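# Survey of secondary and tertiary structure
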Amino acid sequence: MAALKFLNKEYTIGGEGFNRWLVPASALMIHLCVGMGYGMSVFWLPMSRLVGVQQGTGKALACPADMSIVSQLFTTSCDWKVVMCSVVFGILFFMLGTTTAILGNWLEVVGPRKTGVVSCVCFVSFFLLASLGVYSHQLWLIWIGAIIGGIGLGLGYITPVSTLIKWFPDRVGMATGLAVGGFGGGAMVGAPMAQALMSMYATPTSVGLWQTFLTMAIIYCAFMLAGAFTIRVSPPGYKPAGFVPVNTGNMVDDGHGGMIEASAFNVRTNTAMKTPQFWFCWGMLFLNIAAGIGVISMASPLLQEVFAGNLIGLPGVSFDLLNDAQKGQIAAIAAGFTGLLSMFNIGGRIFWATLSDMIGRKNTYYVFFVVGAILYATIPTLASSLNLIMFLCAVCICISFYGDGFATIPAYLADLFGTQFVGAIHGRLLTAWSSAGLLSPLLINIIRDYQLNHGVPRAQAYSVTLYIMACFLIVGLFCAIMVRPVATKYYMTAAEMEYEKHKLEDKISHAQASGAIVAGKPTSGATLAICWLIVGIPLAYGIYETVLQTVLMFK
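Summary of the structure given here. (Residues numbered from 1 in each chain as written. Predicted model: local features only at pLDDT ≥ 70, side-chain atom pairs only at ≥ 80, totals over all residues. Heavy atoms only, no water.)

## Observations concerning a nonpolar patch on the surface
On the surface, a nonpolar cluster with roughly 500 Å² of combined accessible area is contributed by Leu128, Tyr135, Trp210, Leu214 and Ile218. Looking at the nonpolar patch, the elements with two or more residues in it are α6 (112-136) and α10 (209-230). For the nonpolar patch, the element with the highest residue contribution is α10, accounting for three residues. (Patch = residues over 30% accessible without salt bridge, like charges linked within 9 Å, V, L, I, M, F, W, Y side chains within 5 Å. Areas by Shrake-Rupley, 256 points an atom, 1.4 Å probe, with all protein chains shown as cover. Salt bridge = Lys/Arg side-chain N within 4 Å of Asp/Glu carboxyl O. Helix = DSSP H or I, 4+ residues; strand = E, 2+ residues; numbered from the N terminus.)

## Notes on the state of the cysteines
Under the definition given, this model contains one disulfide. At a sulfur-sulfur separation of 1.9 Å, the disulfide partner of Cys63 is Cys78. Since a negative S-S torsion denotes a left-handed disulfide, the Cys63-Cys78 link at about 95° is right-handed. Taken together, the positions of Cys63 in the loop between α3 (50-54) and α4 (69-74) and Cys78 in the loop between α4 and α5 (82-110) put the pair 15 residues apart, joining distant regions of the chain. Residue Cys78 is classed as buried on the basis of its relative accessible area, which comes to 3%. (Disulfide = S-S within 2.5 Å. Buried < 20%, exposed > 50% of the residue type's maximum accessible area, 1.4 Å probe, protein only.)

## A few points about the side chain of Arg349
Considering the arrangement of structural elements, one finds Arg349 in helix α13 (residues 324-359). With no salt bridge to any partner, buried Arg349 finds its closest opposite charge in Asp404, at an N-O distance of 7.7 Å. Contact partners of Arg349, with chain neighbours within four places excluded, come to Tyr38, Gly177, Val180, Gly181, Phe183, Gly184, Gly403, Asp404, Phe406 and Ala407. (Lys, Arg positive; Asp, Glu negative; His and termini not counted. Contact = heavy atoms within 4.5 Å.)

## Some thoughts on the environment of Leu209
In this structure, Leu209 sits in helix α10. Its relative accessible area of 1% is what places Leu209 among the buried residues. Sequence separation of Leu209 and Met47 is 162 residues, and the distance between their C-alpha atoms is 7.6 Å. The contacts of Leu209, once residues within four sequence positions are left out, are Phe43, Pro46, Met47, Leu50, Val134 and Met198.

## Points about the pattern of salt bridges
This structure, assessed with the given rule, holds five salt bridges. Residue Asp170 pairs with Arg20 through a salt bridge whose shortest N-O separation is 2.9 Å. Separated by 150 residues along the polypeptide, Asp170 in the loop between α8 (161-167) and α9 (172-201) and Arg20 in the segment before α1 (22-34) bring together distant segments of the chain. Between Arg361 and Asp415 there is a salt bridge, with its nearest N and O atoms 2.8 Å apart.

Below is the structure:
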């Protein structure tokens with residue numbers, strides 16, 4: 001539609017004097033919102049007792065044992081089970097991987113503003129449908145909302161990536177680390193905000209959930225639109241002032257014994273998928289995520305069942321011997337542990353991705369896989385010796401590796417395949433995330449249940465799982481070793497690259513000639529400061545809440 005043409009890529013080019021440091025702030029505005037996908041578990045328990053609380057019992061009203069799952073999707077007379085509520089998480093992240101794989105090329109064509117707006121509409125629609133579904137007690141509405149929201153989640157995740165890479169050719173790892181770090185911080189900000197809203201709206205006959213969903217929809221809409229309308233695309237052929245490419249370890253072989261910068265060539269999305277490099281990177285990401293998400297999914301029960309009474313001054317008392325009040329105490333401590341892991345997940349995304357600019361992407365992955373495998377194999381020993389400090393250090397470092405598996409891979413893809421289609425290639429690669437997210441927690445739970453059913457003590461039921469995670473990382477190391485520069489036969493020809501460049505330049509020229517593009521003003525210091533405050537204040541709030549929870553572990 002002509003009225004919406006201002007959303008197109010050619011209308012979002014950063015003009016003379018535009019400050020590129022505004023782009024990471026814009027990216028964080030989007031990622032801090034869609035990153036709440038990680039924190040959805042905060043809603044499951046309130047969702048599972050809506051009817052009971054409304055009737056004044058204060059607890060869940062169970063459905064009849066013979067009621068079918070389909071009937072439960074439509075019932076208003078009894079409460080949903082937690083497992084049915086948690087299906088929302090699986091739908092969201094399944095749709096994330098599916099969306100990035102299918103719509104990645106569309107993003108490269110239309111640009112980040114239009115994609116960001118569509119992401120906002122879809123993601124906010126999830127919260128609106130969730131609010132309506134809770135109000136009317138119709139779970140099917142929430143599941144449909146999750147399908148739509150998952151599309152928004154996927155588009156929001158990949159929207160800023162290729163844009164940041166093109167604005168920061170001198171700091172590719174740092175740029176993607178900042179953006180993807182924001183996604184990891186979404187739950188750190190959103191979960192305590194959701195808890196505070198539910199507490200504010202709660203009454204004796206309401207858990208305050210539909211109002212919370214509605215409020216979060218409004219907040220996220222404002223943040224995501226602000227991010228979409230402030231983000232800008234770099235001009236064709238952009239280079240930062242004074243930037244001189246050097247061999248930092250991220251350069252690639254030109255096929256003739258020399259080294260060239262990644263932006264000197266490009267590989268199309270479908271062509272990239274025909275290369276062995278793409279599939280080795282897919283394996284690296286899959287195995288890194290499978291190991292990391294395995295620990296995240298079992299972090300809370302792992303700490304509680306291994307350290308048990310030792311966490312509350314009752315050394316040697318196993319988990320099974322604790323009473324309900326004592327289990328509640330260690331559950332609160334485990335919540336702090338989960339928050340601590342979230343901080344290392346975020347910090348790892350920024351730290352390791354930035355370091356990869358200096359030591360090279362491949363060397364960074366070598367560190368992940370070698371050190372990570374050693375730590376995973378060591379954690380069972382640290383747990384059995386009840387050395388809490390060393391246990392926490394080992395697990396937190398492993399989670400920092402998990403976080404940066406996400407943050408470094410877009411930069412690595414840019415090194416291997418060029419920057420022109422890196423957003424779309426990254427979108428295809430994220431199917432590794434969906435696959436690992438589905439398979440790894442399932443594998444862990446099967447192994448744990450098998451061991452418990454065969455008499456293995458709870459404190460030892462995680463050892464085999466951790467050894468398997470270590471093996472995953474060893475296989476990932478071999479994948480990393482096998483990555484080589486992409487053969488020149490896969491490169492776009494000079495004529496193809498020139499054509500792609502002129503396509504965008506022609507659109508820009510046409511928009512300028514029509515008067516639709518007004519000459520942009522230089523970015524003011526006040527604008528830059530305000531945008532960073534908009535993302536900095538929520539991040540500070542999330543870190544503060546996480547630190548408060550973490551302190552409980554050491555009281």
